[in-house]
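Given next are the chains, with one letter for each unit.
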Amino acid sequence: EAKGIMSAPVTIIDGEPIIGYYPKKLIPALHLNISVDLGSSVEWLADKYDRILSAAVRATKQLSEDQLGVELAWRPQSLRSMMMHILSFPELAYLSHVTGSMNQADMKAGGEKNKGITTSDGICAYGTQIQQDIRQFLEAGDMEALDLVVDAHYGGEVTVLELMNIILRHSTHHLKQVYWFLDEKMGITLVDKATAEDFEGINTPAVL
């Protein structure tokens, strides 16, 4: 009988670690009778990234510098840092077709590269650029790049297309958390939030 100890981002089963969100290894190791669809059409993905990244930029524009400095309720991180997290991980995901990976080293390097982006205006400009870059990449339809298998902290050995689907869900999950935090903890009512139609088809945990 497999005995698992979950300590994100590592699952240890009978002494063997499985790093990160790696469904291709976790499902058989845990004897789960489920399937995880890591792929989708490129057109759908481009549309959803446009919607989610636009929503993150719109939310950031409505926050003051003081509000962006507020610490989150569920992790030792500021709201400013979380908005950059939502926007920067999609950049790392799509650039994996060049770097060949989206691992811990890539995430650390990305954080260093972007550490000077701290103001609301700077975050919004960055997010808008990433949105445009991802749209251009996906609309190019370079299937050789999208089918490239990369080493990812999220997903393990996955194609770039699969990784971009995973990170879309990741950023969407965090955006929903931010909405909850602003509503419930800061008493801020945003305008022009992402809609149910924007979120449709992007699977995230029900409990934020």
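Parameters and conventions
- Residues numbered from 1 in each chain as written.
- Predicted model: local features only at pLDDT ≥ 70, side-chain atom pairs only at ≥ 80, totals over all residues.
- Heavy atoms only, no water.
- Helix = DSSP H or I, 4+ residues; strand = E, 2+ residues; numbered from the N terminus.
- Polar contact = N/O pair within 3.5 Å; in protein donor to acceptor, adjacent residues only side chain to side chain.
- Axes fitted to C-alpha atoms, helices over the stretch in contact; angles between N-to-C directions.
- Parallel < 35°, antiparallel > 145°, perpendicular 65-115°, else oblique.
- Left-handed = near helix turned anticlockwise from the far one by under 90°.
- Contact = heavy atoms within 4.5 Å.
- Nonpolar A, V, L, I, M, F, W, Y, C, P; charged D, E, K, R; others polar.
- Core = buried A, V, L, I, M, F, W, Y, C linked by side-chain atoms within 4.5 Å.
- Buried < 20%, exposed > 50% of the residue type's maximum accessible area, 1.4 Å probe, protein only.

> Any chance you could explain the side chain of N165 here in plain terms?
By secondary structure assignment, the location of N165 is in helix α8 (residues 160–184). A polar contact is formed between the side chain of N165 and the backbone oxygen of L161, at a distance of 2.9 Å.

> Sorry if this is basic, but what is going on with the packing of helix α4 (residues 79–99) against helix α6 (residues 120–139) here?
Helix packing geometry: the angle between the two helix axes and the distance between the axes. Relative orientation of the contacting elements α4 and α6 amounts to 25°, with a least axis distance of 10 Å. Judged by the inter-axis angle, α4 sits roughly parallel to α6. The hand of the α4/α6 crossing is left-handed. Facing R80, M83, M84, L87, S88, P90, E91, Y94 and H97 of α4, the residues of α6 in contact are I123, Y126, G127, I130, D133, I134 and F137. In terms of residue class, the contact of α4 with α6 is made up of 10 nonpolar, three polar and three charged.

> Help me understand the packing of helix α2 (residues 42–61) against α8 in this model?
Closest axis-to-axis distance for the α2/α8 pair is 10 Å, and the angle between their directions is 30°. By the criterion of interaxial angle, the relationship of α2 to α8 is roughly parallel. Where α2 crosses over α8, the handedness of that crossing is left-handed. The segment α2 lies against α8, with V42, W44, L45, K48, Y49, I52, A55 and A56 engaging L161, M164, N165, I167, L168, T172, L175 and Y179. When its residues are assigned to classes, the contact of α2 with α8 shows 13 nonpolar, two polar and one charged.

> Just checking my understanding: could you explain the nonpolar core for this structure?
Inside soluble globular proteins, nonpolar side chains tend to come together where they are buried. In this structure, Y49, M83, L138, L163, M164 and L175 are the most contacted members of the largest nonpolar core, which totals 55 residues. Per element, the largest residue contribution to this core is 12 residues, and it comes from α8. Aside from chain neighbours lying at most four places away, what touches M83 is A56, A59, T60, L68, I123 and V178.

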